[in-house]
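# Inside the fold
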Amino acid sequence: MSWIKLCTLSLLLASTISAQLIGPKVTVSEKEHDFGTIIEGAIVSHEFFLINEGDADLYIIKVSASCGCTAAKPSEDKLEPGESTLLTVTFNSAHKKGNRTNYVTVSTNDKTNETLKIITTAKVLGRDEQSEEIKAAPFMSFSKLSHDFGKVKEGMKLELDVIVTNIGKSELKVDKVKASCGCTAALMSEKVIQPGKSGNLHIELDTTHMDGKKTRTIAISSNDPVNPRIVLTLFVNVEK
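Residues numbered from 1 in each chain as written. Predicted model: local features only at pLDDT ≥ 70, side-chain atom pairs only at ≥ 80, totals over all residues. Heavy atoms only, no water.

With that out of the way, let us pick up the packing of aromatic side chains. Counting across every chain of the model gives one aromatic pair. Seen in terms of ring centroids, phenylalanine 35 and phenylalanine 91 are 6.4 Å apart; in terms of plane orientation they differ by 20 degrees. Their pairing is stacked. Of the two residues, phenylalanine 35 is situated in strand β2 (residues 32-39) and phenylalanine 91 in strand β7 (residues 84-92); the sequence distance between them amounts to 56 residues. The same class applies to phenylalanine 35 and to phenylalanine 91, which are both buried. Geometry around tyrosine 103 places lysine 117 over its ring, the cationic atom sitting 5.1 Å from the centre. (Phe/Tyr/Trp six-rings, centres within 6.5 Å; stacked < 30°, edge-to-face > 60°. Helix = DSSP H or I, 4+ residues; strand = E, 2+ residues; numbered from the N terminus. Buried < 20%, exposed > 50% of the residue type's maximum accessible area, 1.4 Å probe, protein only. Lys NZ or Arg CZ within 6 Å of the ring centre and 35° of its normal.)

Here it is in structure tokens:
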């Protein structure tokens, strides 16, 4: 065999071995997101997608945020090759004024990129910068924005009540309550909540045919000018 043929064969073999040893590879739909200009007290969310572009299972080991004002958790912690999962990042601007930059770090078993960093930015207008119209508006407040049901047996029907309070100065009108899947039902006791009054959001989650760690969301839309759409996140770990 000639020297040229030997080199060519060696390169092909090395290329084949390399292709077979890609392993898990994490990518994200976008590495940065700007929430734009928001009013102090607004709770805003953005959905990222984590993707496994490798040829082995990707494990999401840990997701951490640079401050307590930011929360992030993926829908799944294990992705097979080609699979993706939703990563919802929420920023609570209460007591945060000015230009804000926050980071979310995703740790995985991708040896070439063990820590993936996602950046969110926002310009937060303080109370003194708000118009009279905003000051007189309704504001929607929740007793909780997330709930972890913990470990449950498959087939269980779980229930949760969340108190929704109007802490503003005019009528709060709940326009829409939408669950992320048919396995979750959510119903408001009141469609119109007067200033200083509360309503109840009753949630039911059916775990039939579920397996492993799952995340479900409920989006509540209203005439709150600061938080017109707030997302409530549910976590559950279903065992067969």
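Having seen the structure, we can now continue with the description.
Turning our attention to the pairing of strand β16 (residues 198-206). Here β16 shows one buried face, formed by Gly199, Leu201, Ile203 and Leu205, and one open face, formed by Ser198, Asn200, His202, Glu204 and Asp206. Pairing geometry for strand β12 (residues 157-166) and β16, over nine bridges, is antiparallel. Across the sheet, residue leucine 158 finds its bridge partner in β16, namely leucine 205. Inspection of the sheet shows strand β14 (residues 184-188) paired to β16 by five bridges, in the antiparallel sense. Across the sheet, the residue bridging to leucine 187 is histidine 202, located in β16. (Pairing = 2+ DSSP bridges.)

Once that is clear, we can look at the sheet that holds strand β15 (residues 192-193). Read across the open sheet, the five strands follow the order β11-β18-β17-β13-β15; overall the sheet is mixed. Among the strands making up the open sheet, the edge pair consists of β11 (146-153) and β15. As paired strands, strand β13 (residues 172-179) and strand β17 (residues 212-222) are joined by five bridges and run antiparallel to one another. Bridge pairing links alanine 179 to isoleucine 218 in β17.

Turning our attention to the pattern of salt bridges. Taken as a whole and assessed by the stated rule, the structure comprises five salt bridges. Aspartate 206 serves as the salt-bridge partner of lysine 157, at 3.9 Å between the closest nitrogen and oxygen. Of the two residues, lysine 157 is situated in strand β12 and aspartate 206 in strand β16; the sequence distance between them amounts to 49 residues. (Salt bridge = Lys/Arg side-chain N within 4 Å of Asp/Glu carboxyl O.)

Taken in spatial order, the five strands line up as β2-β9-β8-β4-β6 in an open sheet, and their pairing is mixed. Single-partner strands in this sheet number two, and they are β2 and β6 (78-79). In this sheet, strand β8 (residues 98-108) lies alongside strand β4 (residues 58-65) in antiparallel orientation, the contact comprising five bridges. Bridge pairing in β8 links lysine 62 to serine 107.

On to the nonpolar core. Counting residues in each nonpolar core, the largest one holds 24 residues, and the members touching the most others are Phe142, Leu201, Ile203 and Ile220. Residue assignment for this core shows that the elements contributing at least two residues are β10 (140-142), β11, β12, β13, β16, β17 and β18 (229-239). With sequence-adjacent residues up to four places away left out, phenylalanine 142 is seen in contact with Val162, Ile163, Val164, Leu201, Ile220 and Ile230. (Core = buried A, V, L, I, M, F, W, Y, C linked by side-chain atoms within 4.5 Å. Contact = heavy atoms within 4.5 Å.)

Here we come to the side chain of threonine 207. Tracing the backbone through its elements, the reader meets threonine 207 in the loop between β16 and β17. A polar contact is formed between the side chain of threonine 207 and the backbone oxygen of methionine 156, at a distance of 2.8 Å. Beyond its immediate chain neighbours, meaning those up to four positions away, threonine 207 contacts Val152, Lys153, Glu154, Gly155, Met156, Leu158 and Val238. (Polar contact = N/O pair within 3.5 Å; in protein donor to acceptor, adjacent residues only side chain to side chain.)

Next up on the list: the state of the cysteines. In the structure shown here, the tally under the stated rule is two disulfides. At a sulfur-sulfur separation of 2.1 Å, the disulfide partner of cysteine 67 is cysteine 69. Between cysteine 67 and cysteine 69, the S-S torsion sits near -60 degrees, and that sign places the bridge as left-handed. Classification of cysteine 67 by relative accessible area gives partly exposed; the value is 21%. Across the disulfide, cysteine 181 is cross-linked to cysteine 183 (sulfur-sulfur distance 2.1 Å). Note on the cysteine 181 and cysteine 183 pair: the S-S dihedral is about -55 degrees, so by sign convention the disulfide is left-handed. For the protein, the bonded cysteines pair up as 1-2, 3-4 when numbered in the order they occur along the sequence. (Disulfide = S-S within 2.5 Å.)

What follows deals with the environment of threonine 208. Counting through the fold element by element, threonine 208 comes out in the loop between β16 and β17. For the pair threonine 208 and glutamate 154, spaced 54 residues apart in the sequence, the C-alpha separation amounts to 5.7 Å. With residues near it in sequence (within four places) discarded, threonine 208 still touches Glu154, Gly155 and Lys157. A polar contact of 2.7 Å, which involves the side chain of threonine 208, links it to the side chain of aspartate 206.

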